[in-house]
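Below are the chains, spelled out letter by letter.
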Amino acid sequence: MIKEKAPEVGMAPSPLTPDVLESSGRELVEAALPEELKELERRLRWKVDLRLCTIAGILCSLNLLDSGILSSASVTTMLSDLDLEGTRYSVSIFIFTIASVVFQLPCTVAVRWVGPRIWFASITSCFGLLTLCTAFVQTWKQLIALRVLLGMAMSGIYPGLTYLISTWYTRREQQLRFAFLQSGEVTVMATGTIVNYGLNHLDGRAGLSGWRWMFLVQGLITCVIGIITYWWMVDFPETAHRSFYFLSEAEAQLAVQRIQADRDDVVPEPFSWSKVAVNFLDPKLYGFACLFFILNLVSTALSYFLPIILQSGMGFSSNAAIILSTPVGLIFLCMSQNVF
C-alpha cells in the first residue's frame, strides 16, 4: 500500500503550489498499483462526501427553512401584529426573491476571493442573525428591510456550494452528489413546518407570540451552525491542507490529480468580468432560466400561500393549517426539485 510520510512535529505543511501538486500527484499515481489507487480514491471520495456533502446539505436546508418560516407565520397573529394588509405580505416574498437573484452571481464569485470556510461561515451566521432579528420587528417596513437583507445573505448559499462541490468531483461523480443534496433539502424541509407547529404552541410564553418564537429559535440554531461551519467546511482541492483535520498529503495530491486529469481546471484562470459576461451570450442560459422559473412558479406560490388557503379558505385553525401544509408542500417541493 502507499505509505504516507508523517510531517515532522512543529513543521507547517508545505504549500501545495500547482506545479508541486501536479508533479507529486502524477508520481503518486505512477507509483501505485491499480488496486491501491482504487482504494485510495474510494477513501478520498468517502472523506469528501462525509465532510463536504453533509455540511452543504445542512446549509442548503437551513436556507430553505429560514426563508420559509414566513409561510407558517402567515396564519398566526403576524399579519395583524405587523399590519401586513393588502399586498404587503406578497411584497415581502417578492422582495426577498429579487434580492436573492441579484446577488447570486457576485456572492458565488466571492467564494474564490474570500475562501469557502470563512465565506460560508460568515453568510450562514449572517442570515441566522437576520432570522433571529425578525422575531423582534414591530412594523411591516422593518420586516421588508430584513427580508431584503435576508435575500442578500442567502444568495450565496446554494450556488456557492454547488460550485464548491463541482471543484471536488469529476464530471461523472457530480450529479449523484447534487441529487443527494436536493434529497437532503427535501427531507429536512419536511420537518420545518412540524417544528413551526410545535413552536407556535409557545404563543404567549415570555411575552412573545408564536410566530416570534419560530424566528427566534430557528435563527439561533442557524447562528450556532454558522459558527461550526468554519471548522466543518473544507477548502478548495488545491488548498485542502488549510481545512481542519481533513485529508492527508497523499489524498490532497490525489484529489488535485483527479480533477486535472478530468478537466484540467484545478487552478482557476485569472478573474475578469468579461469572462463572466460572455456566458450571457449563450441562448441556452435563458432557456434554462425560463424552464427553472416555470418549474418553481407553482411550488413556490403554494409553499408560501398554502397555510393561508387552509386557514382562510377551508376554515382550519392556525395550528391545523401549519401541520396540514406539510404533506402537500412536501409533494410539490419534491416535484420542483426533481426528486421523483
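Not measured: the values here are computed from a predicted model. (Residues numbered from 1 in each chain as written. Predicted model: local features only at pLDDT ≥ 70, side-chain atom pairs only at ≥ 80, totals over all residues. Heavy atoms only, no water.)

*Asks:* How should I be thinking about the overall build of the protein in this particular structure?
*Replies:* Counting its secondary structure elements, the protein contains 13 helices and zero strands. Secondary structure of the protein in N-to-C order comes out as α-α-α-α-α-α-α-α-α-α-α-α-α. Here the protein holds 340 residues, and 45% of them are scored as buried. If you take every contact in the protein between residues at least 6 apart in sequence, the share linking residues at least 24 apart comes to 81%. (Helix = DSSP H or I, 4+ residues; strand = E, 2+ residues; numbered from the N terminus. Buried < 20%, exposed > 50% of the residue type's maximum accessible area, 1.4 Å probe, protein only. Contact = heavy atoms within 4.5 Å.)

*Asks:* Honestly, the packing of helix 2 (residues 34–73) against helix 5 (residues 116–134) in this entry has me stumped. Any pointers?
*Replies:* Between two packed helices, what matters for the description is the angle formed by their axes and the separation of those axes. Contact geometry of helix 2 with helix 5 gives a least axis separation of 10 Å together with a crossing angle of 20°. Classified by the interaxial angle, the pair formed by helix 2 and helix 5 is roughly parallel. Along this stretch, helix 2 crosses helix 5, giving a crossing that reads as left-handed. Taken together, the residues of helix 5 that come into contact with helix 2 (itself represented by L59, L62, N63, D66 and I69) are F120, T124, F127, G128 and T131. Of the residues belonging to the contact of helix 2 with helix 5, the class tally is five nonpolar, four polar and one charged. (Axes fitted to C-alpha atoms, helices over the stretch in contact; angles between N-to-C directions. Parallel < 35°, antiparallel > 145°, perpendicular 65-115°, else oblique. Left-handed = near helix turned anticlockwise from the far one by under 90°. Nonpolar A, V, L, I, M, F, W, Y, C, P; charged D, E, K, R; others polar.)

*Asks:* Would you mind going over the environment of E173 with me for this structure?
*Replies:* Relative to the helices and strands, E173 is located in helix 8 (residues 171–200). Assessed through its relative accessible area of 11%, E173 is described here as buried. When the C-alpha positions of E173 and R45 are compared, they lie 9.5 Å apart, and in sequence the two are 128 residues distant. Here E173 is in contact with R45 and R258, once residues within four sequence places are set aside. A polar contact is formed between the side chain of E173 and the side chain of R45, at a distance of 3.4 Å. (Polar contact = N/O pair within 3.5 Å; in protein donor to acceptor, adjacent residues only side chain to side chain.)

*Asks:* I keep staring at the pattern of salt bridges and nothing clicks. Help me out?
*Replies:* Opposite charge on two side chains permits them to pair, given that their charged atoms come into close proximity. On inspection of all chains with the given rule, the structure shows 13 salt bridges. In this structure, R45 engages E41 in a salt bridge whose closest nitrogen and oxygen atoms are separated by 3.9 Å. Here E41 and R45 lie together in helix 2, a separation of four residues that amounts to about one turn. On the basis of relative accessible area, R45 is assigned to the partly exposed category, the value being 23%. Of the charged contacts in the structure, one is a salt bridge between D262 and R263, with a shortest N-O distance of 3.3 Å. If you follow the salt bridges from partner to partner, you end up with E41, R45, E173 and R258 in one network. (Salt bridge = Lys/Arg side-chain N within 4 Å of Asp/Glu carboxyl O.)

*Asks:* Looking at this structure, I do not really get unusual backbone geometry. What am I missing?
*Replies:* What you tend to see is this: most non-glycine residues have negative phi, and most peptide bonds are trans. Residues other than glycine seldom take positive phi values, yet A206 does so here, at roughly 55°. Looking at the secondary structure, you find A206 in the loop between helix 8 and helix 9 (210–232). Judged by relative accessible area, A206 falls into the exposed class, the value being 70%. With a phi close to 50°, Y245 is a non-glycine residue in the positive phi region. Mapped onto the elements, Y245 comes out in the loop between helix 9 and helix 10 (249–263).

*Asks:* Is there a simple way to explain the UniProt feature "transmembrane region" (unreviewed entry) in the protein in this structure?
*Replies:* What UniProt calls "transmembrane region" (unreviewed entry) maps, in this numbering, to residues 48–69, 89–111, 118–138, 144–166, 178–199, 211–233, 285–310 and 316–335. The straight-line gap between the two end C-alpha atoms of residues 144–166 is 34 Å; of that span, 91% is helix and 0% is strand. Counted over residues 285–310, helix gives 100% and strand 0%. Its end C-alpha atoms are 37 Å apart. (UniProt positions renumbered as here; feature names shortened; annotations may be inferred.)

*Asks:* Can you walk me through helix 2 in this structure?
*Replies:* The α-helix advances 3.6 residues per turn, and as a result positions three or four apart in sequence lie on the same side. Compared with an ideal rise of 1.5 Å per residue, which puts 40 residues at 58 Å, helix 2 spans 57 Å between its outermost C-alpha atoms and is within 8% of the ideal. In the structure, helix 2 departs most strongly from a straight axis at S67, where the bend amounts to approximately 30°. (Expected span 1.5 Å × (residues − 1). Bend = angle between axes of the 7 residues up to and from the residue.)

*Asks:* Even after reading the chapter, I still don't get the packing of aromatic side chains, so can you show me in this structure?
*Replies:* According to the stated counting rule, one finds six aromatic pairs in the structure shown. Between the aromatic rings of Y89 and F305, the centroid separation amounts to 5.5 Å while the plane-to-plane angle is 90°, which identifies the pairing as edge-to-face. One end of the pair, Y89, is in helix 4 (residues 88–114); the other, F305, is in helix 12 (residues 283–313), with 216 residues separating them in the sequence. One residue, R112, lies across the ring of F236, its end atom 3.7 Å from the ring centre. It is R147 that lies over the ring of F96; its NZ or CZ is 4.6 Å from the centre. (Phe/Tyr/Trp six-rings, centres within 6.5 Å; stacked < 30°, edge-to-face > 60°. Lys NZ or Arg CZ within 6 Å of the ring centre and 35° of its normal.)

*Asks:* How should I be thinking about the confidence of the model for the protein in this particular structure?
*Replies:* Note that predicted coordinates carrying low pLDDT should not be read in detail. Mean pLDDT over the protein stands at 82; residues scoring 70 or higher make up 85%. For residues 1–16, every residue scores under 50 in pLDDT, and the model assigns this stretch 16 contacts once sequence neighbours within four places are set aside. (pLDDT = per-residue confidence, 0-100.)

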